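Chain by chain, the residues run as shown.
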Amino acid sequence: MHLTRVNLPALVALWARGVDDAARTGSADLPDDLLRVRHEIAQRLRVRPASAETRDLLTEFDEAFRTLTQATAHCKYGDERAAAEGWTATREWYFWRTTARADVKPSPT
């Protein structure tokens, strides 16, 4: 799917559905397509602000995504690519998240 052809409210709905599906199924592996959707949303918001309704929905599902994931020190796509693309952990925070569960303890060796 070419995300450039999808309007912002529909992109936010795709993000919401993907995050909701992951939460409902307990999926430990979020698809890259879901992160592409969130990145497209971020790029659009830099150009034009969204309606209050769209911003509220985005905030709700961003928080749900944060609940499903943990912050990590490294970009999902590698620190070199992040530097090349100009991504930062603050602005593209969704690339600095992992699905590793905090409640899963490593087995003793």
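For the structure itself, consult the block above.
Conventions we followed
In every chain, residue numbers begin from 1 and rise along the written sequence. Local features in this predicted model are restricted to residues whose pLDDT is 70 or higher, and side-chain atom pairs enter the listing and the counts only when it is 80 or higher, whereas totals over whole chains, interfaces and linings include all residues. Side-chain measures were taken over the full set of non-hydrogen atoms in the model, leaving aside hydrogen atoms and water. Each helix is a run of DSSP H or I of at least 4 residues and each strand a run of E of at least 2, with the numbering of both proceeding from the N terminus. A helix's residues, less one, multiplied by 1.5 Å, set its expected span. Residue contacts are defined here by distance: any two heavy atoms, one from each residue, within 4.5 Å place the two residues in contact. Working definition: with a 1.4 Å probe on protein chains only, accessible area under 20% of the residue-type maximum means buried, over 50% means exposed, and in between means partly exposed. Distance and chemistry together define a polar contact, namely a pair of N or O atoms within 3.5 Å, with one atom able to donate a hydrogen and the other to accept it when in protein, and with adjacent residues in sequence counting only for side-chain atoms on both sides. As used here, the arc is the angular range of directions from the helix axis to the C-beta atoms.

### Some words on helix H2 (residues 32-47)
- An ideal rise of 1.5 Å per residue puts 22 Å on 16 residues; H2 measures up with 23 Å between its terminal C-alpha atoms.
- Of the surrounding secondary structure, the elements contacted by the buried residues of H2 are helix H1 (8-25) and helix H3 (52-68).

### As for the side chain of Arg 38
- Relative to the elements of secondary structure, Arg 38 occurs in helix H2.
- Given the relative accessible area of 6%, Arg 38 is considered buried.
- Side chain to side chain, Arg 38 and Asp 62 meet in a polar contact 2.9 Å long.
- Leaving out residues up to four positions away in the same chain, Arg 38 has contacts with Trp 15, Leu 58, Asp 62, Trp 93 and Tyr 94.

### Quick word on the side chain of Glu 40
- Tracing the backbone shows Glu 40 in helix H2.
- Glu 40 gets classed as buried once you look at its relative accessible area, which sits at 14%.
- Among the polar contacts made by the side chain of Glu 40, one reaches the side chain of Arg 44 at a distance of 2.9 Å.
- Beyond its immediate sequence surroundings of up to four residues, Glu 40 is in contact with Leu 3, Thr 4 and Leu 11.

### Here's the deal with H1
- Between the first and last C-alpha of H1 there are 26 Å, a value that for 18 residues agrees with the 26 Å anticipated at 1.5 Å per step.
- Residues of H1 that are buried: Leu 8, Leu 11, Val 12, Trp 15, Ala 16, Gly 18, Val 19 and Ala 22. The buried residues of H1 occupy one face: seen down the axis, they fall within an arc of 165°. More than 90 degrees from the buried face of H1, the exposed residues found are Arg 24 and Thr 25.
- In the core, the buried residues of H1 are packed alongside H2 and H3.
- The N-cap residue of H1 is Asn 7: its side-chain oxygen and the backbone nitrogen of Ala 10 are 2.8 Å apart.
- With its phi angle positive at about 70°, Gly 26 sits one or two positions after the end of H1.

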